[in-house]
Amino acid sequence: MKENSAILEELVELRQQKCDLLGFDTHASFVLDMRMAKTVVAVSTFLEDLAKKLNPLKDDEMKLFLQYKKEECKKLGYDFDNKINMWDMRYYMTMVEERKYSVDQSKLQEYFPMEVVTTGLLGIYQELLGLKFEEISKPHVWNDDVQLFNVKDVESNKLIGYFYLDLFPREGKFGHAACFGLQPGCLLSDGSRQVAVAAMVANFTKPTADKPSLLMHDEVETFFHEFGHVMHQLCATSDFAMFAGTSVERDFVEAPSQMLENWCWEEEPLRRMSKHYKDGSPIPNDMLEKLIKSRKANAGVFNLRQILLGTFDQTIHTSKKADTAKVFSEISQKILGIAATPNTNMSASFGHLADGYDAQYYGYLWSEVFSMDMFYSRFKKEGIMSSKVGKAYRDYILAPGGSIDASEMLKNFLGREPNNEAFLKSKGLQAKV
């Protein structure tokens, strides 16, 4: 802890020195200048507004945590201190999930064989975005597990690109799930268009001789999310390579794929992507209902913790120096109502701040707010499988790449300024959408 705290605090000072040389007031001002948020004030207003609106939800969840803790202390013969400590939080969050939203994940997994999920997912994307995917037989690829598809626009039958699916683990392979742009779609010097090429890489369980590859629900969500980035790469129609695909503001880049995760929490697409690997039976209704409800488990506490981390990040990066342990403890008490554990410094293990997310951690929530606005305000209202809304999404959100500011793309798609009402509704709070 001591070593990392000193390193983080030195980084804060060095970043400020760099900004002094470049003519920016703070490191956060420097970073945000090229982001959708633009200013420190915009980020702090965003985080403070969300915190205020999420507090009632957090308070209700904390009451339940305290109820569970009181019951457990009585049962085990411990003194009840009538508060939730930092070390209690994860424990009671898990208890809520098990008691209120009990979903047998291993049983649910039996309904998500890879082949069924992939067929359903590709079908949904084709229907939504007006595309046609064709698998290329015997492609020249780097491993026999890899599949290659071409992508054509249904209306014009015009080729717009190719994508690879590299979904299973092997020795030496990248260990996470990600989309890699391999060739940008852009205009060439002779006026012709270079098509986009992208690869989705993942590490899902390989099938065996007697059992297919079965996905956990969160892996289905990951598949849907990363393939959304593939579509962003392929559907962009910008002229210049520097604006191709996902080359948008960093605090918006996740929003298009976060929006598409919603299909993994709706009955119709879940039905299309699932059936039992043994007998082809559908997911039982009660299991599906529990799964969909579980999305809102601990939403207030979880999101306020994200606001805590984003606020801490902004606070230290609008300061010339920072006592990180003290700052974190004070903000934790203010936002969560829970003091940091004495003699600890969570920020000493907050790797994002030394790994490219400095002054940008707010971006996770920022992009999710806009993703929910897009989903609830258009797809949820007009039909989650509406090809008309899907075309608008492709034209206004995916096609521009980074050639238009994200705020303008959102206004074009929504027909108004974006807001956080849909996000709050998705977490279980009543809001007009």
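Keep in mind that this is a model prediction, so the values were computed, not measured.

1. Re the layout of surface pockets
Here's step 1: Of the volumes computed, that of the largest pocket is approximately 1300 Å³.
Here's step 2: Glu221, Glu261, Trp265, Arg295 and Phe302 are the residues nearest the centre of the largest pocket, which is lined by 36 residues in total.
Here's step 3: Taken together, the elements giving at least two residues each to the lining of the largest pocket come down to helix H4 (86–100), helix H7 (217–235), helix H11 (299–316) and helix H13 (363–382).
Here's step 4: Ranked by residue count, the leading element in the lining of the largest pocket is H7, at 7 residues.
Here's step 5: Partitioned by chemical class, the residues of the lining of the largest pocket number 13 nonpolar, 11 polar and 12 charged.

2. Examining the packing of helix H6 (residues 114–129) against H7
Here's step 1: Interaxial distance between H6 and H7 falls to 11 Å at its minimum, and their mutual angle equals 40°. When the axis of H6 is compared with that of H7, the two are oblique. For the crossing formed where H6 meets H7, the hand is right-handed. Between H6, through Met114, Val117, Thr118, Leu121, Leu122, Ile124, Tyr125 and Leu129, and H7, the contact on the second element is made entirely by Val220, Phe223, Phe224, Phe227, Gly228 and Met231.
Here's step 2: Partitioned by chemical class, the residues of the contact of H6 with H7 number 12 nonpolar, 2 polar and no charged.

3. Quick word on the packing of aromatic side chains
Here's step 1: Taken as a whole and assessed by the stated rule, the structure comprises 24 aromatic pairs.
Here's step 2: For the ring pair phenylalanine 133 and phenylalanine 163, a centre distance of 5.2 Å and an interplane angle of 80° mean the geometry is edge-to-face. Linking phenylalanine 133 in strand E1 (residues 131–135) with phenylalanine 163 in strand E3 (residues 159–166), this pair joins segments that are 30 residues apart in sequence. Neither phenylalanine 133 nor phenylalanine 163 differs from the other in exposure class; each is buried.
Here's step 3: Geometrically, the ring pair formed by phenylalanine 204 and phenylalanine 223 is tilted, given 5.7 Å between the ring centres and 40° between the ring planes.

4. What to know about the nonpolar core
Here's step 1: Core analysis: the largest hydrophobic core is formed by 120 residues, its most contacted members being Phe133, Phe163, Phe227, Met231, Trp263 and Tyr393.
Here's step 2: For this core, the leading source of residues is helix H3 (residues 40–76), giving 11 residues.
Here's step 3: Setting aside anything within four residues of it in sequence, one finds phenylalanine 133 in contact with Leu122, Tyr125, Gln126, Phe149, Asn150, Val151, Phe163, Phe227 and Met231.
Here's step 4: Leu148, Tyr164, Val197 and Ala199 belong to the second largest nonpolar core, which has 5 residues in total.

5. Overview of the pairing of strand E2 (residues 147–153)
Remark: a regular strand shows side chains that alternate across the two faces of the sheet.
Here's step 1: Burial runs high along E2: 5 of the 7 residues are buried.
Here's step 2: Note that E2 and E3 share 6 bridges and pair antiparallel. When the sheet's bridge partners are listed, valine 151 is paired in E3 with glycine 161.
Here's step 3: In sequence, E2 turns back onto E3 through a hairpin of 5 residues, with asparagine 157 there showing a positive phi of about 60°.

6. Quick look at the environment of lysine 173
Here's step 1: Position of lysine 173 relative to the elements: it lies in the loop between E3 and strand E4 (178–183).
Here's step 2: Between the C-alpha atoms of lysine 173 and alanine 202, which are 29 residues apart in sequence, the distance is 9.4 Å.
Here's step 3: Every residue in contact with lysine 173, bar those within four places of it in the chain, is listed here: Asp166, Leu167, Phe168, Val201, Ala202 and Asn203.

7. What about the sheet that holds E3?
Here's step 1: One open sheet holds the 5 strands; their spatial order is E1-E2-E3-E7-E4, and the pairing between them is mixed. The strands lining the two open edges of the sheet, one partner per strand, are E1 and E4. Shown here is a sheet whose adjacent strand axes are inclined to one another by a mean of 25°, direction ignored.
Here's step 2: The strands touched by H6 are E1, E2 and E3; relative to E1, the strand with the most contacts, the crossing angle is about 145°.
Here's step 3: The sheet contacts of H7 involve E1, E2, E3, E4 and strand E7 (196–201), and relative to E7 the element is tilted by about 170°.

Definitions and cut-offs
Residues numbered from 1 in each chain as written. Predicted model: local features only at pLDDT ≥ 70, side-chain atom pairs only at ≥ 80, totals over all residues. Heavy atoms only, no water. 1 Å grid on protein atoms, 1.4 Å probe; cavity = no way out; pocket = protein on both sides within 12 Å on 5 of 7 lines; lining within 4 Å. Points joined across faces, edges and corners; volume = space filled by probe spheres on them. Helix = DSSP H or I, 4+ residues; strand = E, 2+ residues; numbered from the N terminus. Nonpolar A, V, L, I, M, F, W, Y, C, P; charged D, E, K, R; others polar. Axes fitted to C-alpha atoms, helices over the stretch in contact; angles between N-to-C directions. Parallel < 35°, antiparallel > 145°, perpendicular 65-115°, else oblique. Left-handed = near helix turned anticlockwise from the far one by under 90°. Contact = heavy atoms within 4.5 Å. Phe/Tyr/Trp six-rings, centres within 6.5 Å; stacked < 30°, edge-to-face > 60°. Buried < 20%, exposed > 50% of the residue type's maximum accessible area, 1.4 Å probe, protein only. Core = buried A, V, L, I, M, F, W, Y, C linked by side-chain atoms within 4.5 Å. Pairing = 2+ DSSP bridges.

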